[in-house]
Amino acid sequence: AGDGGEGCEIRFVQHAWPGTQALQFNWALEHLPIRTKWVLRLDADEYLYPELIDEIKAKLASLPEDVTGVAFKRRHIFLGRWMKRGTYPVTLIRLFRYGKARCEQRLMDEHIELLEGRSVEFEGEFADHNLNDIGWWTAKHNGYALREAVDLLDLEYGLLSGLNAETQRRGDAGGSETTEDTEGTEKGENVGGARTLELPCGLEGQAAEKRAKKMRYARMPLFWRAFAYFCSRYFLRGGFLEGKEGFLWHFLQGWWYRTLVDAKIFEIKRESGGDRDRMLALLRGKY
């Protein structure tokens, strides 16, 4: 792409789905003819606020060479309302020097991790703004719940090393080079090189803090943890001040969704008897 002015070139590339968002994103980084120094990651339901656009234009060219990533604060807009309390702000690296970062190889909650250098945080913000209705939103999160369940089960059983060969083949079939770091975790397990029981070394700031919290969350009792998470967001962090929209956001995303994840974990454990091999067979067959 160009600099946003006249003569800006926009290209669309279609690529077969390799199995995860992380594999798809990294395939694009490795195979597309990117000619810019910086890469901006935005999902389809995200956009930059004008203040952030102006800040990028003013600051980016003068950043030191050792700065390889830029983090922005994210606003969640739900039912047309900005959720100012409960989870805000979430700060994520979304702008990075080409060749200096990649997307973590995870099923869910994947972040941009730096391969070298350091990150800085800009003042401007970007929005995560869902324009679809509640039915679409809940259906989407029902799909997310299984991936989240597998991600959490992996922390307990090292599941994803058993699925890694299949994921690797899907990535290779799509032309993706999956030569990631292959250091093991505490259990010696990995997913395409992504450590499951340790913090990835490329995560910084709030992303690293968020991942550490998730790892602690994974060790809490099923169902109780979803209720406690909702109470923390809604009562302790002021989510109740966001009106009806705030109640729906924190209940659906902070309690209902987390409970659905735990229900899937409970179901998978019950049907497999807690046996790792049977669990893998169940995931490959039923799910």
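Residues numbered from 1 in each chain as written. Predicted model: local features only at pLDDT ≥ 70, side-chain atom pairs only at ≥ 80, totals over all residues. Heavy atoms only, no water.

## Considerations on the packing of helix α6 (residues 224–236) against helix α7 (residues 243–272)
Where α6 meets α7, the closest approach of the two axes is 8 Å, and the angle between their N-to-C directions is 165°. Considering the angle they form, α6 stands roughly antiparallel to α7. Handedness of the crossing formed by α6 with α7: right-handed. Residues R225, A226, F227, Y229, F230, R233 and Y234 of α6 form the contact with α7, whose participating residues are G246, F247, W249, H250, F251, Q253, G254, W255, R258, T259, D262 and I265. Split into classes, the residues belonging to the contact of α6 with α7 amount to ten nonpolar, five polar and four charged. (Axes fitted to C-alpha atoms, helices over the stretch in contact; angles between N-to-C directions. Helix = DSSP H or I, 4+ residues; strand = E, 2+ residues; numbered from the N terminus. Parallel < 35°, antiparallel > 145°, perpendicular 65-115°, else oblique. Left-handed = near helix turned anticlockwise from the far one by under 90°. Contact = heavy atoms within 4.5 Å. Nonpolar A, V, L, I, M, F, W, Y, C, P; charged D, E, K, R; others polar.)

## Some thoughts on the pattern of salt bridges
When charged atoms on two side chains of opposite charge get close, those side chains can pair. Summed over all chains, the structure comprises 19 salt bridges. Of the charged contacts in the structure, one is a salt bridge between K140 and D45, with a shortest N-O distance of 4.0 Å. With K140 in helix α3 (residues 134–157) and D45 in the loop between β1 (38–40) and β2 (46–48), this residue pair connects regions lying 95 residues apart in the sequence. For K140, a relative accessible area of 25% corresponds to the partly exposed category. Using a relative accessible area of 23% as the deciding quantity, one classes D45 as partly exposed. A salt bridge links E242 to R81, with the shortest nitrogen-to-oxygen separation between them at 3.3 Å. With E242 in the loop between α6 and α7 and R81 in strand β4 (residues 81–82), this pair connects stretches of sequence that are 161 residues apart. Its relative accessible area of 2% is what places E242 among the buried residues. Using a relative accessible area of 30% as the deciding quantity, one classes R81 as partly exposed. Each of R81, R85, E242 and E245 takes part in salt bridges that share partners, so that together they form one network. (Salt bridge = Lys/Arg side-chain N within 4 Å of Asp/Glu carboxyl O. Buried < 20%, exposed > 50% of the residue type's maximum accessible area, 1.4 Å probe, protein only.)

## Things to note about the environment of A145
Here A145 lies in helix α3. Along the primary structure A145 and V261 are separated by 116 residues, whereas in three dimensions their C-alpha atoms are 4.8 Å apart. With residues up to four places along the chain from it excluded, the contact list for A145 reads Y257, L260, V261 and K264.

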